[in-house]
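# Survey of secondary and tertiary structure
As a plain string of letters, each chain reads:
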Amino acid sequence: MKTLASLVAASALAAPAFAHTIFQELYVNGVDQGHLTGIRVPDYDGPIMDVTSKDIICNGGINPYHQPISQAVIPVPAGASVTAEWHHTLAGADPSDSADPVDPSHKGPVMAYLAKVSNATSLDVTGLGWFKIWEDGMDSSQVWGVDRMIANKGKVTFQIPDCIEAGQYLLRVEMIALHGAESYPGAQFYMECAQIQITGGGSKQPATVSFPGAYHGTDPGITINIYQKLSSYTIPGPSVFSCDASSSPTSPSTTPAPPSSTPVSTPSSPSSTPTSPVGSVPHYGQCGGLTYTGPTACETPYSCVVSNEYYSQCL
Ligand SMILES: *[C@@H]1O[C@H](CO)[C@@H](O)[C@H](O)[C@H]1NC(C)=O
Ligand SMILES: [Cu+2]
């Protein structure tokens, strides 16, 4: 006969495989917008593991959306504080579930991106331009963004930039679990997209990246052994957009300012090789990075922009 202890041990071992999570509720300046309202949530809480899959955009492929998909578009004033709430299952908070909001084995960063869209309820999410507005990676004590999210009962809070254009956007909130990320595929990507209408704002048009495209299996923040002492962690994707940065992303022929995180060495870029005006790397293609050996000149009118020391992209 199995003892309670052995049952508990067995379920604890089995738990991480099923202990996933879903971003399922949004608060705007502290006001709850409603459970499952305005967010494209799947019924199943499993991860996306292929960074080249369209499912990395807003989920919904291998984890089909809960039906009917909410048609709500949530009004959000530019500059507002928004809170995204994660839970283990669509049922919401469950204090008796040790894997709610997510099993604590799931360590990694939490991030938020925006993409401007003409219609926030349109289901086609390919070809959008995404910019990162917030990220929480790993601190010097090796405590992760996901650890802080769990401590805060599934909630993460960040600001919508106050300088971006009014209009409809998708808000993509993402968590990466790195407990099995020693080799690729191994990292688990969890993301859902909220349908929002930004009001007020300004006229800034941030530089964008594409999904798929922004992440690679070789990224140091995607293939990593977290079961060792880490002095730092490189969060995947572009640097966080700031309204205060003096870049001018509205003009593709202008090279935006480098990201605020100082690269150890400057990745190769066309700006250092002005003798090759006609490039071959297409829009959104990789054009530089520490370990990159391919072509570095972008097709006109794009410029090679440093995302981080490992990755530069034609934008
Ligand atoms: C937005 O997209 C939805 C879903 O495809 C569609 O039903 C709706 O008519 C669209 N709205 C506009 C204004 O185009
Ligand atoms: Cu999981």
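The preceding data block contains the structure.
Since this is a predicted model, take the numbers as computed values, not measurements.

### Re the coordination of the copper ion (ligand 2)
Coordination sphere of the copper ion (ligand 2), protein contribution only: His20 (ND1), His106 (NE2) and Tyr190 (OH), at 1.9 to 2.6 Å. Counting along the primary sequence, the residues that act as donors to the copper ion (ligand 2) give the motif H-x85-H-x83-Y. Of the two residues, histidine 106 is situated in the loop between strand 5 (81-87) and strand 6 (110-117) and tyrosine 190 in strand 10 (residues 188-199); the sequence distance between them amounts to 84 residues. The exposure classification of histidine 106 matches that of tyrosine 190, with both residues buried.

### A word on the site of ligand 1
Every residue close to ligand 1 is listed here: Asn119, Thr121 and Ser122. Between asparagine 119 and ligand 1, the recorded distance is 2.4 Å, taken from a side-chain N or O atom to an oxygen atom. One of the side-chain N or O atoms of threonine 121 is found 3.3 Å from an oxygen atom in ligand 1. Coverage of ligand 1 by the protein chains reaches 29% of its 360 Å² of free accessible surface.

### A closer look at the packing of aromatic side chains
All told, the structure shown has eight aromatic pairs when counted by the stated rule. Centre to centre, the rings of tryptophan 130 and phenylalanine 211 are 6.3 Å apart; their planes meet at 70°, and the pair counts as edge-to-face. Of this pair, tryptophan 130 sits in strand 7 (residues 130-136) while phenylalanine 211 sits in the loop between strand 10 and strand 11 (286-288), and the two are 81 residues apart along the sequence. We note that tryptophan 130, like phenylalanine 211, is buried.

### Side note on the environment of proline 238
Mapped onto the elements, proline 238 comes out in the loop between strand 10 and strand 11. Setting aside residues no more than four positions away along its own chain, proline 238 makes contact with Tyr113, Lys132, Glu135, Val209 and Ser307.

### Here we look at the side chain of glutamine 313
Within the element layout of this structure, glutamine 313 appears in strand 13 (residues 311-314). We classify glutamine 313 as buried; its relative accessible area is 0%.

### With respect to unusual backbone geometry
Look at the link from aspartate 100 to proline 101: it is a cis peptide, with omega at 5°. Relative to the assigned elements, proline 101 resides in the loop between strand 5 and strand 6. Residue proline 185 follows tyrosine 184 across a cis peptide bond; omega there is -5°. Relative to the helices and strands, proline 185 resides in the loop between strand 9 (167-177) and strand 10. Positive phi, normally seen in glycine, also occurs at asparagine 59, with a value near 60°. Assignment of secondary structure puts asparagine 59 in the loop between helix 2 (55-58) and strand 4 (74-77). Accessibility expressed as a relative area gives 7% for asparagine 59, which makes it buried.

About the criteria used
Residues numbered from 1 in each chain as written. Chains lettered and ligands numbered in written order. Predicted model: local features only at pLDDT ≥ 70, side-chain atom pairs only at ≥ 80, totals over all residues. Heavy atoms only, no water. Donors = N, O, S within 2.8 Å, 3.2 Å for Na, K, Ca; no water. Helix = DSSP H or I, 4+ residues; strand = E, 2+ residues; numbered from the N terminus. Buried < 20%, exposed > 50% of the residue type's maximum accessible area, 1.4 Å probe, protein only. Near = heavy atom within 4 Å. Polar contact = N/O pair within 3.5 Å; in protein donor to acceptor, adjacent residues only side chain to side chain. Areas by Shrake-Rupley, 256 points an atom, 1.4 Å probe, with all protein chains shown as cover. Phe/Tyr/Trp six-rings, centres within 6.5 Å; stacked < 30°, edge-to-face > 60°. Contact = heavy atoms within 4.5 Å.

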